[in-house]
Amino acid sequence: MPTFDRDQGRLEAVDFAAFDAALARCGDHPRMHSVFWGGNPTLWGLDLESPEGAEMFRQFIRAWGAHLEAAGIAPDEFFFYPLDEETSERLVRIATQIQEADPRFRVFWNHVNNASDDPDLIREVTPVVDIACL
């Protein structure tokens, strides 16, 4: 879970301990890693529609990228899985901000078992995701 200095509009820290422990258990066998933090950024109190909230989220994403690269995992060896089985405007916003943080970062979208088959919404999602599970 990240912590933010909201007065300064910046990311303070990210606790990577659980991820690092899981990574250590896997060794160097996986060729691709998924980063799924189990909650959407609004749960951390970020308003992704505000410039400040969006920037703090992009800082969080860049921190993940730097941490993964320091662990020897290149951007083409991981992807972000921001929301589970959700096709929504929120997913469009989050995926767009991930790619704004670093265009090398990939975004996974799982539409399986999703109640929304709105073709207009799906047309909004597809340009901002890199990997789709349909």
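Everything below is about the structure printed above this text.
Residues numbered from 1 in each chain as written. Predicted model: local features only at pLDDT ≥ 70, side-chain atom pairs only at ≥ 80, totals over all residues. Heavy atoms only, no water.

Draft legend 1. The arrangement of the overall build of the protein in detail. When its secondary structure is counted, the protein shows four helices and six strands. Along the protein, helices (α) and strands (β) appear in the sequence β-β-α-β-α-β-α-β-α-β when read from the amino end. Whereas a compact globule of 134 residues would reach a radius of gyration of roughly 14 Å, the protein reaches 15 Å, a difference of no more than 12%. By the burial criterion, 46% of the 134 residues in the protein qualify as buried. Taking as baseline every contact in the protein between residues at least 6 positions apart, the subset at least 24 positions apart corresponds to 66%. (Helix = DSSP H or I, 4+ residues; strand = E, 2+ residues; numbered from the N terminus. Rg over C-alpha atoms; globule rule 2.2 N^0.38 Å. Buried < 20%, exposed > 50% of the residue type's maximum accessible area, 1.4 Å probe, protein only. Contact = heavy atoms within 4.5 Å.)

Draft legend 2. The packing of helix α2 (residues 51-70) against helix α3 (residues 89-101), seen in detail. Contact geometry of α2 with α3 gives a least axis separation of 9 Å together with a crossing angle of 60 degrees. The orientation of α2 with respect to α3, classified from their angle, is oblique. In this structure, α2 crosses over α3, and the sense of that crossing is right-handed. For the pair α2 and α3, the contacting residues are A54, F57, R58, I61 and R62 in the first and I94, Q97, I98, E100 and A101 in the second. Considered class by class, the residues forming the contact of α2 with α3 number six nonpolar, one polar and three charged. (Axes fitted to C-alpha atoms, helices over the stretch in contact; angles between N-to-C directions. Parallel < 35°, antiparallel > 145°, perpendicular 65-115°, else oblique. Left-handed = near helix turned anticlockwise from the far one by under 90°. Nonpolar A, V, L, I, M, F, W, Y, C, P; charged D, E, K, R; others polar.)

Draft legend 3. A look at the pairing of strand β2 (residues 10-14). Relative to β2, strand β1 (residues 2-5) is paired through four bridges, and the arrangement is antiparallel. Within the sheet, the bridge partner assigned to D5 lies in β2 and is R10. Linking β1 back to β2 in an antiparallel pair, the connection comprises four residues, with G9 at a positive phi of about 65 degrees. (Pairing = 2+ DSSP bridges.)

Draft legend 4. How the structure looks around the nonpolar core. Of all hydrophobic cores here, the largest spans 33 residues; its most connected members are W37, F57, F60, I61, W64, F80 and I98. Only β2, α1 (17-26), α2, β4 (78-80), α3 and β5 (106-110) provide two or more residues apiece to this core. When residues no more than four places from it in sequence are discounted, the contact partners of W37 are W44, F57, F60, I61, W64, F80 and P82. (Core = buried A, V, L, I, M, F, W, Y, C linked by side-chain atoms within 4.5 Å.)

Draft legend 5. Structural context of unusual backbone geometry. Phi is positive for E85, which is not a glycine, with a value near 50 degrees. In this structure, E85 sits in the loop between β4 and α3. Among the residues examined, E85 registers a relative accessible area of 33% and is labelled partly exposed.

Draft legend 6. Seen up close, the side chain of H111. With respect to the secondary-structure elements, H111 resides in the loop between β5 and α4 (119-125). For H111, a relative accessible area of 10% gives the class buried. A polar atom in the side chain of H111 sits 2.5 Å from the side chain of T87. (Polar contact = N/O pair within 3.5 Å; in protein donor to acceptor, adjacent residues only side chain to side chain.)

Draft legend 7. Layout of the sheet that holds β4. Taking strand neighbours across the sheet as the criterion, the four strands line up as β3-β4-β5-β6 in an open arrangement whose pairing is parallel. What marks the edges here is a single partner per strand, and that holds for β3 (33-35) and β6 (131-133). Strand-to-strand twist in this sheet, taken as the mean axis angle between neighbours without regard to direction, amounts to 30 degrees. In this sheet, β5 lies alongside β4 in parallel orientation, the contact comprising two bridges. Paired with F80 across the strands is V107, a residue of β5. Strands β3 and β4 of the sheet are contacted by α2, whose axis makes an angle of about 165 degrees with β4.

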